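Chain and residue survey
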Amino acid sequence: MKKQTFIIGNKKTSVRFLPLSDLLSFDYKTVLAAFDTNTRKFFPNIIPVDEIVLDPGEITKKWDSVEAIISKAVDIGVARDSLFVGIGGGVVCDMTAFAGSIYMRGANTVLIPTTLLAMADAALGGKTGIDFLGYKNMVGTFSPASEVRVCIDLLDTLPDREYLSGLAEIIKHGLLRDTELLNILNNQHAAILARDHAVLSDLVERSIIVKAWYVEQDAVESGIRTHLNLGHTFGHALESVSNFEGFSHGEAVIWGIIKALKTGVLMGITDPSWLEEVLFLVEKYSYNLETPKNIESKAIIDALKKDKKKKGSAVHFVLQKNQGDTFLSPVDDSLLMEVI
Ligand SMILES: NC(=O)c1ccc[n+]([C@@H]2O[C@H](COP(=O)([O-])OP(=O)(O)OC[C@H]3O[C@@H](n4cnc5c(N)ncnc54)[C@H](O)[C@@H]3O)[C@@H](O)[C@H]2O)c1
């Protein structure tokens, strides 16, 4: 993919694969780039833009950081025709895009994702935001970036755990829509674990195309886009009862996908051989599918209900009959208890 343009809501997002040397070149008079302390290291020399550097990690995904970005923008005289640039994982991308979306009622944002998760998922689609009162992504906007710049070389330094976390979303995209993506994940797992750049480029590109297929049809997640939450309802509950420690987001998503497929099998809807196929694939990447012994099933079910409170209606789980055959359904507590 040299350059591809998607229409999300009424905005265009261009996706380009670029070398590191071209990532920070912009045709704007004022550019404010937000990094975290890890991603700032990719640019050891003087950079041609104004910058703000935040602490890394989910803990930084809060109002204070958005305020810091906006205060810096005011200090350096960012106007509405200036540019916000987020350079980092999903945390920096979500926060910078949020700051851009509310600054002077909306400024342009370019995202430069540096984790596999952000390249394959978070940077495209327009969801911006921060965590609030213990709820993930409770405050935010739908505001697609005008451009997403991908540089696969950046993935060389990503810790293994973060890498596998991002790979989980790519697996999810394969399950949802792309048989060839699943074939690559199944057949080239050694190259994928070795972070072969050509294979990774293909995986990220395919993943972006799957995500774009959903978000172009449903920018604000009122319908089919919810299918992208496959594994997330279960996964979020596990993340929240383990206090966001122990399981990375992607590990929790894989755990959740398997729970969703098992639920479907128990309901007599999911093809048991599809569950077997997915188990075979995720075991190749050594994802942990065990529910930690110290976590009670009831705590996870309570957390699922908290998700219900957040959404204001019964939780509808994303389930699958087979590859590419996805649907939403409520699930009885007794069944949930059995699966968890
Ligand atoms: N907007 C969306 O549609 C969407 C979708 C999925 C997830 N998200 C959000 O994404 C966030 C998670 O993103 P994440 O997993 O990228 O985590 P992250 O942004 O916290 O990054 C993980 C860690 O890796 C470091 N890092 C980033 N790039 C690196 C690199 N190339 N080499 C070495 N270290 C690097 C970061 O500094 C951080 O410490 C969550 O807040 C989640 O809600 C958003």
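Look up a bit, the structure's there.
What comes next is a walk through the structure. (Residues numbered from 1 in each chain as written. Predicted model: local features only at pLDDT ≥ 70, side-chain atom pairs only at ≥ 80, totals over all residues. Heavy atoms only, no water.)

Quick notes on the packing of helix 5 (residues 179–187) against helix 10 (residues 272–284)
Between helix 5 and helix 10, whose axes approach to 9 Å, the crossing angle comes to 50°. It follows that helix 5 is oblique to helix 10 by the angle criterion. Two packed elements cross with a definite hand, and for helix 5 against helix 10 that hand is left-handed. For the pair helix 5 and helix 10, the contacting residues are Leu182, Leu185 and Asn186 in the first and Trp274, Phe280, Leu281 and Lys284 in the second. Looking at side-chain class alone, the contact of helix 5 with helix 10 contains five nonpolar, one polar and one charged residues. (Axes fitted to C-alpha atoms, helices over the stretch in contact; angles between N-to-C directions. Helix = DSSP H or I, 4+ residues; strand = E, 2+ residues; numbered from the N terminus. Parallel < 35°, antiparallel > 145°, perpendicular 65-115°, else oblique. Left-handed = near helix turned anticlockwise from the far one by under 90°. Contact = heavy atoms within 4.5 Å. Nonpolar A, V, L, I, M, F, W, Y, C, P; charged D, E, K, R; others polar.)

Topic: helix 2 (residues 90–102)
Here helix 2 is 13 residues long and its end C-alpha atoms lie 18 Å apart, about the 18 Å a rise of 1.5 Å per residue gives. With twelve of 13 residues buried, helix 2 is to be regarded as a mostly interior element. Along helix 2, the positions that sit buried rather than exposed are Gly90, Val91, Val92, Cys93, Asp94, Met95, Thr96, Ala97, Phe98, Ala99, Gly100 and Ser101. Among the residues trailing helix 2, Met104 stands out with phi positive, at a value near 45°. (Expected span 1.5 Å × (residues − 1). Buried < 20%, exposed > 50% of the residue type's maximum accessible area, 1.4 Å probe, protein only.)

A look at the pattern of salt bridges
Scanning the entire structure with this criterion turns up twelve salt bridges. For Lys211, the salt bridge goes to Asp121, with nearest N and O atoms at 2.7 Å. Of this pair, Lys211 sits in helix 7 (residues 197–217) while Asp121 sits in helix 3 (residues 116–122); the two residues are 90 residues apart in sequence, bridging distant segments of the chain. Via salt bridges that share partners, Arg16, Glu147 and Arg149 belong to a single interconnected network. (Salt bridge = Lys/Arg side-chain N within 4 Å of Asp/Glu carboxyl O.)

Examining the pairing of strand 11 (residues 325–329)
When strand 10 (residues 317–322) meets strand 11, the two strands line up antiparallel, connected through five bridges. Its bridge partner lying in strand 11, Leu319 is registered against Phe327. Where strand 10 folds back onto strand 11 in an antiparallel hairpin, the turn is made up of two residues, including Gly324, whose phi is positive at roughly 75°. (Pairing = 2+ DSSP bridges.)

Observations concerning the nonpolar core
Core analysis: the biggest nonpolar cluster contains 93 residues, and Leu185 and Leu203 have the highest contact counts within it. Ranked by residues supplied to this core, first place goes to helix 7 with nine residues. There are two domains that each give this core at least three residues, and those are domain 1 (3–159) and domain 2 (230–339). The residues touching Leu185, leaving out its near neighbours within four places in the chain, are Leu167, Ile170, Ile171, Ile192, Leu203, Leu281 and Tyr285. In this structure, Val92, Met95, Phe98 and Ala99 belong to the second largest nonpolar core, which totals 17 residues. (Core = buried A, V, L, I, M, F, W, Y, C linked by side-chain atoms within 4.5 Å. Domains from an automatic or database assignment.)

A few points about the packing of aromatic side chains
By the definition in use, this model includes five aromatic pairs. For the ring pair Trp213 and Tyr214, a centre distance of 4.9 Å and an interplane angle of 85° mean the geometry is edge-to-face. Judged by relative accessible area, which is 33%, Trp213 ranks as partly exposed. Residues Phe234 and Phe317 carry aromatic rings whose centres are separated by 4.9 Å and whose planes lie at 45° to one another, so their mutual orientation is tilted. Here Phe234 is found in helix 8 (residues 232–241), whereas its partner Phe317 is found in strand 10, with 83 residues between them in sequence. Neither Phe234 nor Phe317 differs from the other in exposure class; each is buried. Arg195 extends its terminal NZ or CZ atom over the ring of Tyr163, reaching a point 4.2 Å from the ring centre. Across the ring face of Phe327, the terminal group of Lys321 is positioned such that the distance to the ring centre comes to 5.8 Å. (Phe/Tyr/Trp six-rings, centres within 6.5 Å; stacked < 30°, edge-to-face > 60°. Lys NZ or Arg CZ within 6 Å of the ring centre and 35° of its normal.)

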